[in-house]
Amino acid sequence: MTIFVPIHQLKQIYYNLIYSDLSYAVIAWGSAYKTHLQKLQSKQNTVLRLMFFATTSAPYTESAIPFLNLLDILTVDDVYHLHALKFTHMWHKGLLLKVFDNLFQYAKSRHTCIINWVWSLSSLLLLFYRG
């Protein structure tokens, strides 16, 4: 394809055919075991090698990293991290549906509650043992 198709069109083909499926519901499945994600990464690498007519046979397989860099494409793990950060940012800014409002809380407020609870418990124990 690279002989007949410019790089920007290869990138567009990748995003239209591959990335759309790869990023669908990535927040739900992106935190799966690495062994499951490696299968997807392997498929992504194979597609990139095929797009550039690179060797895909086992002993002489070319690395897909130069192709990822050339097309400026994220790996499977990076796609998950990007979407998780976008989701977190949208929650922080209040741009998500109201359903998500009570599902999350800032770590600072959670730790403050725990610290106050521990402080109260330790104060009670001190009073109990003194009295």
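Read on for an overview of the structure. (Residues numbered from 1 in each chain as written. Predicted model: local features only at pLDDT ≥ 70, side-chain atom pairs only at ≥ 80, totals over all residues. Heavy atoms only, no water.)

**Side note on the overall build of the chain**
Line of reasoning, step 1. Scanning the chain from N- to C-terminus turns up six helices and zero strands.
Line of reasoning, step 2. Its helices and strands taken in sequence order, the chain reads α-α-α-α-α-α from the N to the C terminus.
Line of reasoning, step 3. Looking at the 131 residues of the chain, the share that counts as buried comes to 21%.
Line of reasoning, step 4. Partitioning the contacts of the chain with sequence separation of at least 6, the portion at a separation of at least 24 is 53%.
Line of reasoning, step 5. Carbon and sulfur atoms form 66% of the exposed surface of the chain, whose accessible area is close to 10200 Å². (Helix = DSSP H or I, 4+ residues; strand = E, 2+ residues; numbered from the N terminus. Buried < 20%, exposed > 50% of the residue type's maximum accessible area, 1.4 Å probe, protein only. Contact = heavy atoms within 4.5 Å. Areas by Shrake-Rupley, 256 points an atom, 1.4 Å probe, with all protein chains shown as cover.)

**Description of the side chain of Arg49**
Line of reasoning, step 1. One can find Arg49 in helix α3 (residues 34–51).
Line of reasoning, step 2. Once residues lying within four places of it in the same chain are set aside, the contact partners of Arg49 are Ala54, Thr55, Thr56, Thr61, Glu62, Ser63, Ala64 and Phe67.

**Digging into the pattern of salt bridges**
Line of reasoning, step 1. Counted according to the given criterion, the structure contains one salt bridge.
Line of reasoning, step 2. Asp77 is the salt-bridge partner of Lys34, the closest N and O atoms lying 3.2 Å from each other. In this pair, Lys34 sits in helix α3 while Asp77 sits in helix α5 (residues 76–93), placing the two residues 43 residues apart along the sequence.
Line of reasoning, step 3. Judged by its relative accessible area of 26%, Asp77 falls in the partly exposed class. (Salt bridge = Lys/Arg side-chain N within 4 Å of Asp/Glu carboxyl O.)

**Concerning α3**
Line of reasoning, step 1. Between its first and last C-alpha, α3 extends 25 Å over 18 residues, near the 26 Å set by a 1.5 Å rise per residue.
Line of reasoning, step 2. Where α3 is concerned, the buried positions are Leu37, Gln41, Gln44, Asn45, Leu48, Arg49 and Met51. Buried residues of α3, viewed axially, fall in a sector of 150 degrees; they line one side. In α3, those exposed residues whose orientation departs by more than 90 degrees from the buried face are Thr35, Lys39, Lys43 and Leu50.
Line of reasoning, step 3. Those residues of α3 that are buried lie in contact with α1 (7–22), α2 (26–29), α4 (65–71) and α5.
Line of reasoning, step 4. Count one or two residues on from α3 and you reach Phe53, which has phi positive near 55 degrees. (Expected span 1.5 Å × (residues − 1). Arc of directions from axis to C-beta.)

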